[in-house]
Amino acid sequence: MKIKSFAPGKVILFGEHSVVHKKPAIAVAINRGVTTQLESREDNIVTISVPLINYSQQYELVNKKLLFELDSQNKMITDYIYEVIDLFEFETGFDLTVNIEMYLGAGLGSSAAVTVSCIKALSVFNHIEMDKKEIAKTARNIEIKIQGAASPIDTSMSTYGGIIYIDENFELERVNFDMDLPLIVSNCEISGNTGQLVESVRQTYVKYPEIVGNIFNAMQEIAKKAKSAFENGDSELIGDLMNLNQGLLDSIGVNTVELSDMVYLSRKYGAKGSKLTGSGGGGCIIAYCPENIEEIYEQLNKKYPTFKCEQSDNGVCAQVIEK
Ligand code: MEV
């Protein structure tokens, strides 16, 4: 049996940081993510490889289970794979290859995409029907187990796909959008520490409650307006709102020289809107490029690892290539 599954990554288009303070946000699943290939074997050997990080391991099944120990100090992307494997029992061995087709640890939801894609491949392999609700919940529990805390955003985006509006109570609502969303993601290859950044924003809020409170309110208005902009297909407004959100993120201290460089470079060559995405302090920017995408891509890619992408409407999916 041969199975291939895909789960998308995500970008936050509006509302990072303010979402922590109960304001709405908008996230978009992208057509870059994680493809998992699984091929059954006739023996009881299990091999696991992750080419992006040159990882490969081989085990033997013992009583239908794979026995492994995780390093509790050093969290690795492979921990998510092992936790998924631990959900199942196996009659035969298999070769599992997890291809991560985006940047790791750069705010694009790579761990959620790995988890969701592996759950899909392994459940199909074991003839277990899991609906999307169950996949999202299982993946979220694994993220909580490994990370200690996790919002449902990343695992929901990888499972359901599309554009999602997260309201002030963390309820997720699908946003209808009938146009293409040509995006560019550029990575400055410096990692921001999400926990520290969230804490430093909290401290600024405590120090200047009226000012920062109003900045969060403005971010809220942006996210709400952006939802209608998507529903009305108003690309001009989507771009303007991204630029406004970027200015506000800068004002609360999560922007960096490198992120600004990428943002201004993309705007110089024609991006309609561009901003940092995720926690900031490093990581990626997202540029909305309905025009001139090739030139913007080339200019950014000269200095920073860059890819083009669009929204992924479908979420996780699997294909049985050989029975
Ligand atoms: C990080 O990707 C986004 C933040 O808003 C934190 C969070 O929502 O958990 C900064």
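Going by the structure above, here's the rest.
Residues numbered from 1 in each chain as written. Predicted model: local features only at pLDDT ≥ 70, side-chain atom pairs only at ≥ 80, totals over all residues. Heavy atoms only, no water.

Some thoughts on the pattern of salt bridges
Side chains carrying opposite charge are able to pair once their charged atoms draw close together. This model, assessed by the stated rule, comprises 14 salt bridges. A salt bridge links arginine 41 to aspartate 43, with the nearest nitrogen and oxygen atoms 2.9 Å apart. Of the residues examined, arginine 41 reaches a relative accessible area of 26% and is grouped as partly exposed. One connected set of salt bridges, linked through shared partners, spans Arg41, Asp43 and Asp95. (Salt bridge = Lys/Arg side-chain N within 4 Å of Asp/Glu carboxyl O. Buried < 20%, exposed > 50% of the residue type's maximum accessible area, 1.4 Å probe, protein only.)

Some points on the site of the ligand
By nearness alone, every residue bordering the ligand is listed as Ile12, Glu16, His17, Val19, Val20, Gly278 and Ser279. For the ligand, the accessible surface in isolation is 290 Å², of which the surrounding protein chains cover 78%. The residue inventory of the shell around the ligand, partitioned by class, reads 3 nonpolar, 3 polar and 1 charged. (Near = heavy atom within 4 Å. Areas by Shrake-Rupley, 256 points an atom, 1.4 Å probe, with all protein chains shown as cover. Nonpolar A, V, L, I, M, F, W, Y, C, P; charged D, E, K, R; others polar.)

Remarks on helix α4 (residues 153–160)
Within α4, 7 of the 8 residues are buried, which leaves it mostly tucked inside the rest of the structure. Every buried residue of α4 is accounted for by Ile153, Asp154, Thr155, Ser156, Met157, Ser158 and Thr159. The first or second residue beyond α4 is glycine 161, which carries a positive phi of 70 degrees. (Helix = DSSP H or I, 4+ residues; strand = E, 2+ residues; numbered from the N terminus.)

Brief notes about the sheet that holds strand β10 (residues 273–277)
Where strands meet in a sheet, backbone hydrogen bonds hold them as pairs that are either parallel or antiparallel. The strand order across the open sheet built from 4 strands is β10-β11-β9-β12, with neighbouring strands paired in antiparallel fashion. At either end of the open sheet lies a strand with only one pairing partner, and these are β10 and β12 (306–309). Here the average twist between neighbouring strands, direction ignored, is 20 degrees. Along the sheet, helix α9 (residues 293–303) makes contact with β9 (183–187) and β12, crossing β12 at roughly 155 degrees. (Pairing = 2+ DSSP bridges. Axes fitted to C-alpha atoms, helices over the stretch in contact; angles between N-to-C directions. Contact = heavy atoms within 4.5 Å.)

Here's the deal with the packing of helix α1 (residues 77–85) against helix α2 (residues 110–125)
Viewed as axis vectors pointing N to C, α1 and α2 meet at an angle of 25 degrees, and their least axial separation amounts to 9 Å. Of the possible angle classes, the one that applies to α1 and α2 is roughly parallel. When you trace α1 past α2, the crossing you get is right-handed. Of α2, the residues touching α1 (which contributes Ile77, Tyr80, Ile81, Val84 and Ile85) are Ser110, Ser111, Val114, Thr115, Cys118, Ile119 and Leu122. For the contact of α1 with α2, the per-class residue count stands at 9 nonpolar, 3 polar and no charged. (Parallel < 35°, antiparallel > 145°, perpendicular 65-115°, else oblique. Left-handed = near helix turned anticlockwise from the far one by under 90°.)

Topic: the environment of valine 19
Tracing the chain through its elements places valine 19 in the loop between β1 (2–14) and β2 (25–40). What makes valine 19 buried here is its relative accessible area of 14%. Taking the C-alpha atoms as reference, valine 19 lies 8.5 Å from phenylalanine 170; in sequence the two are 151 residues apart.

Looking at the nonpolar core
Among the nonpolar cores identified, the biggest contains 92 residues, and Phe14 and Phe230 are the most heavily contacted of them. Top element by residues in this core is helix α6 (residues 209–232). It accounts for 9 residues. Excluding anything up to four places from it in sequence, phenylalanine 230 contacts Leu13, Phe14, Ile26, Ile163, Val175, Asn176, Phe177, Leu181 and Ile238. Ranked by size, the runner-up nonpolar core spans 8 residues in total, among them Val19, Ala25, Met157 and Ile164. (Core = buried A, V, L, I, M, F, W, Y, C linked by side-chain atoms within 4.5 Å.)

Brief notes about the pairing of strand β3 (residues 45–50)
Within β3, 6 of the 6 residues are buried, leaving the element largely enclosed by the surrounding structure. Residues Ile45, Thr47 and Ser49 of β3 are buried on one face, and the alternating residues Val46, Ile48 and Val50, pointing to the opposite face, are buried as well. Direction of pairing for β3 relative to strand β4 (residues 55–62): antiparallel, over a ladder of 6 bridges. Bridged to threonine 47 within β4 is glutamine 58. Counting the residues that bridge the hairpin from β3 to β4 gives 4 residues, and of these asparagine 54 lies at a positive phi of roughly 50 degrees.

A few points about helix α7 (residues 235–251)
Helix length check: α7 (17 residues) gives 25 Å between terminal C-alpha atoms against 24 Å at 1.5 Å per residue, within 8%. All buried positions along α7 are accounted for by Ser235, Ile238, Gly239, Leu241, Met242, Asn245, Gln246, Leu248 and Leu249. On the buried face of α7, the contacting elements are β1, α6, α8 (257–268), β10 and β11 (284–288). At the C-terminal side of α7, glycine 253 shows a positive phi close to 85 degrees. (Expected span 1.5 Å × (residues − 1).)

As for the environment of glycine 9
Summarising the element assignment, glycine 9 is placed in strand β1. Linking glycine 9 and serine 200, residues 191 residues apart in sequence, is a C-alpha distance of 26 Å. Sequence-distant contacts of glycine 9, that is, excluding residues within four places in its chain, are made with Val28, Ala29, Ile30, Arg32, Gly33, Met102, Leu108 and Ala113.

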